[in-house]
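Take a look at the letters that make up each chain.
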Amino acid sequence: MDCAEEVAILKREIGPLVGTAENLAFDILRGKMTVLPTGHSVSSKTVLQAVSRTGTRAEAWTDAVGGAEDDFWQRRGRTTLTAISASRCLLAFCFKHGWEVACCRHLVLMHEEVRIRFL
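Residues numbered from 1 in each chain as written. Predicted model: local features only at pLDDT ≥ 70, side-chain atom pairs only at ≥ 80, totals over all residues. Heavy atoms only, no water.

Trainee: Looking at this model, I keep getting lost on helix 1 (residues 4-14). Mind explaining?
Mentor: Residues separated by three or four positions in an α-helix point in the same direction, a consequence of the helix having 3.6 residues per turn. Taken as a whole, helix 1 has its buried residues at Val7, Leu10 and Ile14. Considered in projection along helix 1, the buried side chains sweep an arc of 65 degrees and stay on one side of the axis. Of the exposed residues in helix 1, those oriented more than 90 degrees away from the buried face are Ala4, Glu5 and Arg12. Of the surrounding elements, those touching the buried residues of helix 1 are strand 1 (24-27), strand 2 (32-35) and helix 2 (44-53). (Buried < 20%, exposed > 50% of the residue type's maximum accessible area, 1.4 Å probe, protein only. Helix = DSSP H or I, 4+ residues; strand = E, 2+ residues; numbered from the N terminus. Arc of directions from axis to C-beta. Contact = heavy atoms within 4.5 Å.)

So, in structure tokens, the structure goes:
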């Protein structure tokens, strides 16, 4: 599900099963549809069959709070790897810059002009 046309098709197909299309919530960015709790009891299997009739594939999902899917790397992996990468780039820049400064000082000391004034 990635556009308003698909949302309209799903509302038209699944809305009557759950009472009304107002009982459906859509998150297009994440590709999720939620059937809000109502007086109508509808199983996820029935909803999945209705979705498949529209030509769309879907699976049931639940919010995993504190589960195996919510480990450190799922939550902070990208941030951690970005910070490590940035610190290594900064370290490499400092070493390279420090090495160039040290080499330039050495070259300047080796090639320093000697000026002597005779009286």
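On we go.
Trainee: Whenever I open this one, a nonpolar patch on the surface confuses me. Can you help?
Mentor: A contiguous nonpolar patch, built from Phe72, Trp73, Leu81 and Ile84 and spanning about 420 Å² of accessible area, is present on the exposed surface. Structurally, Trp73 can be placed in helix 3 (residues 72-110). (Patch = residues over 30% accessible without salt bridge, like charges linked within 9 Å, V, L, I, M, F, W, Y side chains within 5 Å. Areas by Shrake-Rupley, 256 points an atom, 1.4 Å probe, with all protein chains shown as cover. Salt bridge = Lys/Arg side-chain N within 4 Å of Asp/Glu carboxyl O.)

Trainee: Hey, could you run me through the packing of aromatic side chains in this one?
Mentor: One pair of aromatic rings is described through two measures. These are the centre distance and the angle between the planes. All told, the structure shown has zero aromatic pairs when counted by the stated rule. Over the aromatic face of Trp61 sits the side chain of Lys32, whose NZ or CZ is 4.0 Å from the ring centroid. (Phe/Tyr/Trp six-rings, centres within 6.5 Å; stacked < 30°, edge-to-face > 60°. Lys NZ or Arg CZ within 6 Å of the ring centre and 35° of its normal.)

Trainee: Just to check I follow, could you spell out the pairing of strand 1 for this structure?
Mentor: The side chains of a regular strand alternate between both faces of the sheet. The sheet contact formed by strand 1 and strand 2 spans four bridges and is antiparallel. Each bridged residue has a counterpart across the sheet, and for Asp27 the counterpart in strand 2 is Lys32. Between the end of strand 1 and the start of strand 2, which pair antiparallel, lie four residues, with Gly31 showing a positive phi angle near 70 degrees. (Pairing = 2+ DSSP bridges.)

Trainee: Please explain the side chain of Asn23 as it appears in this structure.
Mentor: Looking at the element boundaries, Asn23 is found in the loop between helix 1 and strand 1. Excluding residues that lie within four positions of it along the chain, Asn23 makes contacts with Val18, Thr34, Val35, Leu36 and Thr38.

Trainee: Honestly, helix 2 in this entry has me stumped. Any pointers?
Mentor: Regarding helix 2, the residues found buried are Val47, Ala50 and Val51. Seen from one end, helix 2 has its buried residues packed into an arc of 100 degrees, which puts them on one side. In this structure, helix 2 carries Lys45 and Arg53 as exposed residues pointing more than 90 degrees from its buried face. Note on helix 2: the residue one or two positions beyond its end, Gly55, has a positive phi of about 90 degrees.

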